[in-house]
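# Observations on the three-dimensional arrangement
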Amino acid sequence: MPLHRRWSEEAIPAEQRQSWPVLFQEQHGIVTRAQLLAYGHSRAAIVANLEAGRWQRVLPRVYATFTGLLPRQARIHAALRYGGGHAVLSHRTAAEAWPPRTKPTDTIVDLAVPQAGARDAVNVVVDLVSRSEVPVSAMRDCVSSRPPFRFRAEIQRGLELVAGGLMSALEVEFKEQVEERHGLPPGDRQTAVKVDGKTLWEDVTYDSRGAALTVRLDGRATHAMAAVAFRDRRRDNAAELTGRARLVYGWRDVRNSPCQVAAEVRTVLMREGWRPTAERVTCDRTAAPRSRPGAKAPFAASDSVKGAFSPHHSASAY
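First, a word on scope: everything that follows refers to the structure included in this document. (Residues numbered from 1 in each chain as written. Predicted model: local features only at pLDDT ≥ 70, side-chain atom pairs only at ≥ 80, totals over all residues. Heavy atoms only, no water.)

This part takes up the pairing of strand E7 (residues 213-217). Both faces of the sheet carry side chains from a regular strand, because those side chains alternate between them. Among the 5 residues of E7, 5 are classified as buried, and the element is accordingly described as predominantly covered. Of the two faces of E7, the one holding Leu-213, Val-215 and Leu-217 and the one holding Thr-214 and Arg-216 are both buried throughout. As paired strands, strand E6 (residues 198-205) and E7 are joined by 2 bridges and run antiparallel to one another. Opposite Val-204, over in E7, you have Val-215 as the bridge partner. (Buried < 20%, exposed > 50% of the residue type's maximum accessible area, 1.4 Å probe, protein only. Helix = DSSP H or I, 4+ residues; strand = E, 2+ residues; numbered from the N terminus. Pairing = 2+ DSSP bridges.)

Okay, here's the thing in structure tokens:
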């Protein structure tokens, strides 16, 4: 985001210059007329910036101090600044932007309640709680003090799964549709491994079951990033050097072909030394369902965010 220093800093009183870049960073380059005036800019200077094309008007009395398309966070802050001091984000927009809009605990509950089905509600809770710094205990207190009108059991189930080490909706699918449904042993979740001197975390491992097998669940939300892809390759190489077996699955595998995934996991587990203590569970799924045209994977934290709700003002980001 380009910053025109001539029009941003020279007019600011010396005692306020330290807080000016902080304001820019927090609001992603979005400022209001009142803020500009408070920092020593004149109305004439604001008009000059706009007419020269250095700044752009986003909403009445709300400006972007750069040119070009507005990133999503800039649009969100523009909406909040336009909404005034009582404007807050909630539901999916708040989930993307917290803090400090609505309480994160309330936002997670608000996102789980309107889901289409029970499984989706569980997935929302697991995804959002696991990627945030919200303690499971705080979430449980929220559900107890403000019981949701639907999916209360599912929300509590999601919290139990997070407390047990599950970190994504894909991991929930693997546990329920692959391991539990097909009589496979429960793997250990979030196992620490050392790679290049750094501690990384594997999704599922079965060493405690007598098999040196790692299952990595690739939701692609972050694995497509160059740095993460490099990390995964280094982790694969490290596993190969120690003789570990590895299997990698994504949404399409686990959701559409859980029986095939279970068969592969079972094969490698037995090859690596696991011995089942019960008869093999026969899968009752005769054929993998085909995805409906336009169907999407369950909610993930990277989904696009639309709409907002507030008991005071609702600030749309568009």
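The next point concerns unusual backbone geometry. In most cases, non-glycine residues show a negative phi, while peptide bonds are predominantly trans. With a phi angle near 50°, Gln-190 is a residue other than glycine that sits in the positive phi range. Mapped onto the secondary structure, Gln-190 falls in strand E5 (residues 188-195). In this model, Asp-196 sits at a positive phi of 55°, which is unusual for a non-glycine residue. Its place among the elements puts Asp-196 in the loop between E5 and E6.

Glancing now at the sheet that holds E5. Pairing in this open sheet of 4 strands is mixed, and the strands run E5-E6-E7-E8 from one edge to the other. Edge strands, defined here as strands with exactly one partner in the open sheet, are E5 and strand E8 (245-249). Pairwise comparison of adjacent strand axes, ignoring direction, gives a mean angle of 45° for this sheet. Strand direction decides the pairing type here: E7 and E8, joined by 5 bridges, are parallel. The residue bridging Val-215 from the neighbouring strand is Leu-247, located in E8. Taken strand by strand, helix H10 (residues 169-180) contacts E5, E6, E7 and E8, and its axis lies near 120° from that of E5. Against the sheet, helix H13 (residues 258-271) engages E7 and E8, with an angle of about 170° to E8. (Axes fitted to C-alpha atoms, helices over the stretch in contact; angles between N-to-C directions. Contact = heavy atoms within 4.5 Å.)

This next bit is on the pattern of salt bridges. In the structure shown here, the tally under the stated rule is 15 salt bridges. Residue Arg-146 is joined to Asp-106 by a salt bridge in which the shortest nitrogen-to-oxygen separation is 3.7 Å. Residue Arg-146 is found in the loop between helix H8 (136-145) and helix H9 (152-163), and its partner Asp-106 is found in helix H6 (residues 104-112); the two are separated by 40 residues along the sequence. Note that Glu-173 is salt-bridged to Arg-255, the shortest N-O span being 3.1 Å. (Salt bridge = Lys/Arg side-chain N within 4 Å of Asp/Glu carboxyl O.)

Looking now at the sheet that holds strand E1 (residues 30-32). Pairing in this open sheet of 3 strands is antiparallel, and the strands run E1-E3-E2 from one edge to the other. Only two strands of the sheet have a single partner each, and these edge strands are E1 and strand E2 (56-59). On average, each strand axis in the sheet is inclined to that of its neighbour by 40°, with strand direction left out of account.

The analysis is restricted to geometry; functional conclusions fall outside its scope.
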